[in-house]
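Structure at a glance
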Amino acid sequence: MTTEANDRLRARAARHAALADPTRLRIVDLLTLGDFSPTELQDELGMSSNLLAHHLRALEEAGLATRHRSEADKRRSYLRLAAGALEGLVPGVEYNAGSVLFVCTRNSARSQLAAALWRQVSDIPTASAGTHPADRIARGAIEAARRHGLDLPDHPPNTLDRRALEEGLVVTVCDSAHEELAGRGDVHWSVPDPLRLGTDEAFEMAFEDLAQRISGFVPRVLAKY
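Residues numbered from 1 in each chain as written. Predicted model: local features only at pLDDT ≥ 70, side-chain atom pairs only at ≥ 80, totals over all residues. Heavy atoms only, no water.

1. Regarding the side chain of Thr131
As for its placement among the helices and strands, Thr131 is situated in the loop between β5 (126-130) and α6 (139-147). There is a polar contact of 3.3 Å between the side chain of Thr131 and the side chain of Glu180. The contact partners of Thr131, leaving out residues within four places of it in the chain, are Val103, Cys104, Thr105, Leu160, Ala177, Glu180 and Leu181. (Helix = DSSP H or I, 4+ residues; strand = E, 2+ residues; numbered from the N terminus. Polar contact = N/O pair within 3.5 Å; in protein donor to acceptor, adjacent residues only side chain to side chain. Contact = heavy atoms within 4.5 Å.)

2. Quick look at the packing of helix α2 (residues 22-31) against helix α4 (residues 49-61)
Between two packed helices, the angle of one axis relative to the other and the distance separating the axes together describe the packing. Running from N to C, α2 and α4 point in directions that differ by 70°, and their axes come no closer than 10 Å. When the axes of α2 and α4 are compared, the pair comes out roughly perpendicular. Between α2 and α4 lies a crossing of right-handed hand. Packed against α2, whose contacting residues are Thr23, Arg24, Ile27 and Val28, the element α4 presents Leu52, His54, His55, Leu56, Ala58 and Leu59 at the interface. (Axes fitted to C-alpha atoms, helices over the stretch in contact; angles between N-to-C directions. Parallel < 35°, antiparallel > 145°, perpendicular 65-115°, else oblique. Left-handed = near helix turned anticlockwise from the far one by under 90°.)

3. A few points about the pairing of β5
Buried residues dominate β5, accounting for four of its five residues. The sheet contact formed by strand β4 (residues 100-104) and β5 spans five bridges and is parallel. Bridged to Val100 within β5 is Thr126. (Buried < 20%, exposed > 50% of the residue type's maximum accessible area, 1.4 Å probe, protein only. Pairing = 2+ DSSP bridges.)

4. Thoughts on the pattern of salt bridges
Scanning the entire structure with this criterion turns up eight salt bridges. When the shortest N-O distance is used, the salt bridge between Glu60 and Arg67 registers 2.9 Å. Notably, a salt bridge pairs Arg147 with Glu204, separated by 3.1 Å at the nearest N-O pair. Here the residue Arg147 occupies a position in helix α6, and Glu204 occupies one in helix α9 (residues 200-217), the gap between them amounting to 57 residues. (Salt bridge = Lys/Arg side-chain N within 4 Å of Asp/Glu carboxyl O.)

5. A closer look at the nonpolar core
One finds Phe102, Trp118 and Trp189 to be the most contacted residues of the largest nonpolar core, which totals 44 residues. At the level of elements, β4, α5 (110-121), α6, α7 (164-167), β6 (169-172) and α9 are the ones that each hand at least two residues to this core. Setting aside anything within four residues of it in sequence, one finds Trp118 in contact with Val100, Phe102, Ile124, Thr126, Ile214, Phe217, Val218 and Val221. Counting 19 residues, the second-largest nonpolar core is a separate cluster that includes Ala65, Ala82, Ala85 and Leu89. (Core = buried A, V, L, I, M, F, W, Y, C linked by side-chain atoms within 4.5 Å.)

6. What about the environment of Cys174?
For Cys174, the position within the fold is in the loop between β6 and α8 (175-180). Between the alpha carbons of Cys174 and Ser111 there is a distance of 8.5 Å; along the sequence they are 63 residues apart. Setting aside chain neighbours within four positions, we find Cys174 in contact with Val103, Cys104, Thr105, Arg110, His188 and Trp189.

7. Quick word on the sheet that holds β5
The four strands are arranged β5-β4-β6-β7 in an open sheet whose pairing can be described as parallel. The open sheet has two free edges, formed respectively by β5 and β7 (187-188), since each of these has just one partner strand. α5 rests against β4 and β5 of the sheet, and its axis sits at about 180° to β5.

8. Concerning the packing of aromatic side chains
This model, assessed by the stated rule, comprises five aromatic pairs. Taken together, a centroid distance of 6.2 Å and an interplanar angle of 55° make the contact between Trp118 and Phe217 tilted. One end of the pair, Trp118, is in helix α5; the other, Phe217, is in helix α9, with 99 residues separating them in the sequence. Here the two residues Trp118 and Phe217 agree in accessibility, since each one is buried. Both rings, one in Trp189 and one in Phe217, keep their centres 5.5 Å apart while their planes meet at 90°; by these two values the pair is edge-to-face. With Trp189 in the loop between β7 and α9 and Phe217 in helix α9, this residue pair connects regions lying 28 residues apart in the sequence. Residue classification places Trp189 among the buried positions, given a relative accessible area of 6%. Given the relative accessible area of 9%, Phe217 is considered buried. (Phe/Tyr/Trp six-rings, centres within 6.5 Å; stacked < 30°, edge-to-face > 60°.)

9. What about the environment of Glu167?
Mapped onto the fold, Glu167 is located in helix α7. The exposed category is assigned to Glu167, whose relative accessible area is 60%. For the pair Glu167 and Ser37, spaced 130 residues apart in sequence, the C-alpha separation works out to 55 Å.

What follows is the structure in C-alpha cells.
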C-alpha cells in the first residue's frame, strides 16, 4: 500500500471512529440539513454543554465539522458540515477495467443475469461465460429478466476462454466456478444457484442479489482506455 493510500485509509478510519458514537452521528445528520449553534444543538439533543463540547471537538478533529462566528452576535458560533466530510466513507474506485466478464459454472442463469444487469448501468463492455456451460440458458433466468424489463436472448451459453481471465475484470458469481479457478478471478460473489430449487422465487432472489451487488460495485470500477 502506498503512503498516499495509507493516509487516505487512516483519514477514513478517523471519520468512521468519530461517527461510531450515536450522538455524533445524530449531530452529523443534523448538519447535513443546515448550520446549528452549540446552544441549538444542546436544545435538540438535551445534553450538557460540557458533554456536547466533547462531541463537537471529536467531530472537528476528524474533519467532519467546522465552526465560524456569527456575523450578527460575535459571541455566537455556528457548526457546519465540513466540505467533503462524507466523501470517502464508502470505499472508492478499486478497479480500472477495459471489460467485465461474469463467470459461473454453466453460464445458464447467474452470469447471464449479471451481464444483462451490468449493461443497464455501465458503458464498460461486459460478457458472461461458464467453466462447464449448459446447452441453453435456464428458462427461469429468461423469465426473471423479462419481469424486470431486461432482454436475455435465448442463445447457447459461452465457454470460458482462459485468455479472458487475463484481459478483463473477472467476477465469479458462483462458488464452484470461483473454487475451480483457484483465485484467478478478481472478485467473487457467492450467489446461491437458483437452479437447485428451480422456482420463480429462487430466480427472483438471484436477480435481486445480483442487482444489489452491481449497484454497489459499478461506482468502484472505471473504464480503462
